[in-house]
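Architecture and fold: a report
Here are the chains, one letter per residue:
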Amino acid sequence: MPFDVYLNVAVGGILTGLVYGLMALGLSVIFGVVRVVNFAHGEMMTIAMFIAVVAFSAFHLDPLIMLIPIAAVLFALGYALQTGVINPFVTRPEHAQFLLMVALAIIISNALLIMFGPDARSVQTAYAFDSYQIGALIIDASKLYAGAAAIVFTAALFAFFRLMLLGKAIRACADNHTGAQVVGLDVKRLYALTFGIGAACVGAAGVMLTLIVDTTPLIGPSYTLLAFVIVITGGLGSLPGALLGGLLIGLTEALAGLTFSPSLKSMFAFAILVLVLLFRPQGILGRRLS
Amino acid sequence: MARLAAGLSPRSAALLGALFAVLVAAPFIINDYLLTVLIIILYFAYAGQAWNIMMGFAGQLSLGHAIYLGLAGYVAATLYVLLGVGPWLGLLAAIPICAACGAIIGFLAFRFGVAGVYFAILTIAFAEFARIGFDNWKFVNASSGLFLPVKQYAHNDLWRLRGDPTMFYYVILAATALLFMLCHLLLRSRMGYFWLAIREDEQAARATGIDTFRYKMYAVMISAAVTSFAGVFYAFFYNNLFPEQVFSISRSIEIILGPVIGGVGTLFGPILGAFVLTGLAEALNSAMTALGIDLPGATQVFYGICLLLVVAGLPDGVWPPLARRLGVGGSKK
């Protein structure tokens, strides 16, 4: 196969990987601060995808316009979930938290199945088949916009955590829970905000994914797993790690799909996960586990 | 026999005996539909009990038990379809394969200190790996699935596991009873106490001189080995195997719901949980059919809500408080 085919697929993989990275970033933020493993991550993303699909089919609202509103809806959902359901579980054993999130995941995906039926839905934008050509390189317009939006969203998130006082307060909670309480931070509210931010990330990623893949109610679990693979590969709790993991997995999937068969692509993602867990359990950019 | 009776109060022995007698008599009383429901309940009770050895006794959360169900089913079904080897011999082949698979996962995880959530995700990763692998493996018909020949049988053939629901019912009832006894013995053995020590505090267990690596390995391998029977039974009861279904993560989750709702780490929890969950789900299904409502996913939403309520309201499951009520001791053993 000629080299430029590989190059095109690789670029497409990297752009998809940026969206994956944003999705995983949400998971990483939630785990890094609240210390709860969000096993309903992919399902929350599916909610965002369905809002985007319905907004497009009913009102012809482009997913890129709906990016911020849907992220806001998911933020509210995450905030409410944390305050209403998850908060009492913060101090419970790991497996209890895990099962709680599994329960939420089952409820969300099947409620969506009841509401929307099992059929795949897609967003047919005017630019769905457009592409940009730079020399031998051909880039899908949808993937380019999705990747660019992911970069903007991620940059805003990094700025929030580095520059704003609220972001610093959340980081303080993550670093030292007791210390944060001592200096008078409202940890419960900050946890809820964090869960909201994580949900907003995955919501934004979901909206952009509607440009790239079809939406069905039951795709949640596979994206939950994908987010885990990415976050563990990059380092659980490390924000740059989540992005790097996303790029790596996006690229691997694209190249594996091209070289072998598309149905085998996630096998390679899992192979990377197993290798990372065995040889560098804290992830590529993660801090050493205590 | 004496060891089996040890630690069982006369009251709980009487209650267990009564339950067993009712279950043995059941096929003479109830119709085929209810019998099929009972078969499914006992299948979940068996598989949940098998999972419970790993999580409930030794504290290792596996969310990928579908890999053992699927492997065992595929081994027995392939042997049967290709070579005409009966399921019991197939089971003899499946047990070491599943135990070895568990040993590989356990070895990789425990040797490299992969624990807790990371361990759970590793188990999912292996199950997904198997799912995609079998989905693309032409030898076992890949994604189009493996089918066992279905014919009308004049009489029950226990050796080949071909027959009517009553035969399947007694097979799974006997297996569930045997596994219950095995778990009872395991819990009262030296190894059982080591497992509980590891579950409660692994560091402390190691400090008292327990070879935690070895006993965690035993837990995974025994759990995988006994799970293999459930896989073979499933394959021969339903007569079809699709990688998309048998290895799916929802299959792994399905079998842990019973023990979680009944009570993780208890002996009777998985059985009670299977009865409660499957019983209620079937009742819901019948009610919806009677009302003419067709909602795929409604049962799953119901499962989710049950799980949510139990995890939030009864952290130890339904059985411990119920056991205290029945006066058969509510200790988490």
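Report on the accompanying structure. (Residues numbered from 1 in each chain as written. Chains lettered and ligands numbered in written order. Predicted model: local features only at pLDDT ≥ 70, side-chain atom pairs only at ≥ 80, totals over all residues.)

Details of helix 14 (residues 298–313) of chain B
Each α-helix winds once per 3.6 residues, and so residues spaced three or four apart point in a common direction. In plain terms, the rule: The helix count covers DSSP runs of H or I at least four residues long, the strand count covers runs of E at least two residues long, and both are numbered beginning at the N terminus. For a helix, the expected span equals 1.5 Å multiplied by the residue count minus one. Three exposure classes are used. Buried residues have 20 or more other C-beta atoms within 10 Å of their own C-beta, exposed residues have 12 or fewer, and partly exposed residues fall in between, all C-beta atoms being placed from the backbone. The arc refers to the directions leading from the helix axis to the C-beta atoms. A residue pair is marked as a contact if its C-beta atoms, positioned from the backbone, fall within 7 Å.
Counted at 1.5 Å a residue, the expected span for helix 14 of chain B with its 16 residues is 22 Å, and the 22 Å between its end C-alpha atoms agrees. Residues of helix 14 of chain B that are buried: Gln300(B), Tyr303(B), Gly304(B), Cys306(B), Leu307(B), Val310(B) and Val311(B). Take helix 14 of chain B and look down its axis: the buried residues cluster within an arc of 160 degrees, on one side only. Residues Leu309(B) and Gly313(B) are exposed on helix 14 of chain B and point more than 90 degrees away from its buried face. Summarising the contacts, the buried residues of helix 14 of chain B are in contact with helix 4 (94–116) of chain A together with helix 12 (249–262) and helix 13 (269–290) of chain B.

Focus: the interface of chain B and chain A
Note the threshold: For this scheme, ten residues count as nonpolar: Ala, Val, Leu, Ile, Met, Phe, Trp, Tyr, Cys and Pro. Four count as charged, namely Asp, Glu, Lys and Arg, and the remainder, Gly too, count as polar.
Each partner contributes residues to the interface: chain B has 35 residues there, and chain A has 30 residues. Within the residue set of the side of chain B that touches chain A, elements represented by two or more residues are helix 6 (116–135), helix 12 and helix 14 of chain B. Per-element accounting of the side of chain B that touches chain A gives the leading share, 13 residues, to helix 6 of chain B. Classifying every residue of the side of chain B that touches chain A by side-chain character gives 26 nonpolar, seven polar and two charged.

Section: the pairing of strand 1 (residues 131–134) of chain A
All names here are of chain A. The condition that has to hold: Strands are labelled as partners when DSSP assigns at least two bridges between them.
As defined by bridge partners, strand 1 adjoins strand 2 (residues 137–140) across four bridges and the pair is classed as antiparallel. Paired with Ser 131 across the bridge in strand 2 is Asp 140. Linking two consecutive strands that pair antiparallel, namely strand 1 and strand 2, is a turn of two residues; a positive phi of about 60 degrees is found at Gly 135 within it.

Considering the environment of Pro320(B)
Mapped onto the secondary structure, Pro320(B) falls in helix 15 (residues 319–326). Sequence separation of Pro320(B) and Asp32(B) is 288 residues, and the distance between their C-alpha atoms is 32 Å.

Here's the deal with the packing of helix 12 of chain B against helix 13 of chain B
Residues and elements named next belong to chain B. Basically, it comes down to this: Between the N-to-C directions of two axes lies an angle of 0 to 180 degrees, each axis being a line fitted to C-alpha atoms and, for a helix, fitted only over the stretch in contact. Should an angle fall under 35 degrees it is taken as roughly parallel, and over 145 as roughly antiparallel, whereas 65 to 115 is taken as roughly perpendicular and any remaining angle as oblique.
The N-to-C vectors of helix 12 and helix 13 enclose an angle of 110 degrees; their axes lie 7 Å apart at closest approach. The orientation of helix 12 relative to helix 13 falls into the category roughly perpendicular. Along its contact with helix 12, which presents Leu 257, Gly 258, Pro 259, Val 260, Ile 261 and Gly 262, the element helix 13 presents Gly 269, Pro 270, Ile 271, Leu 272, Gly 273, Ala 274, Val 276 and Leu 277. Considering only residue class, the contact of helix 12 with helix 13 consists of ten nonpolar, four polar and no charged.

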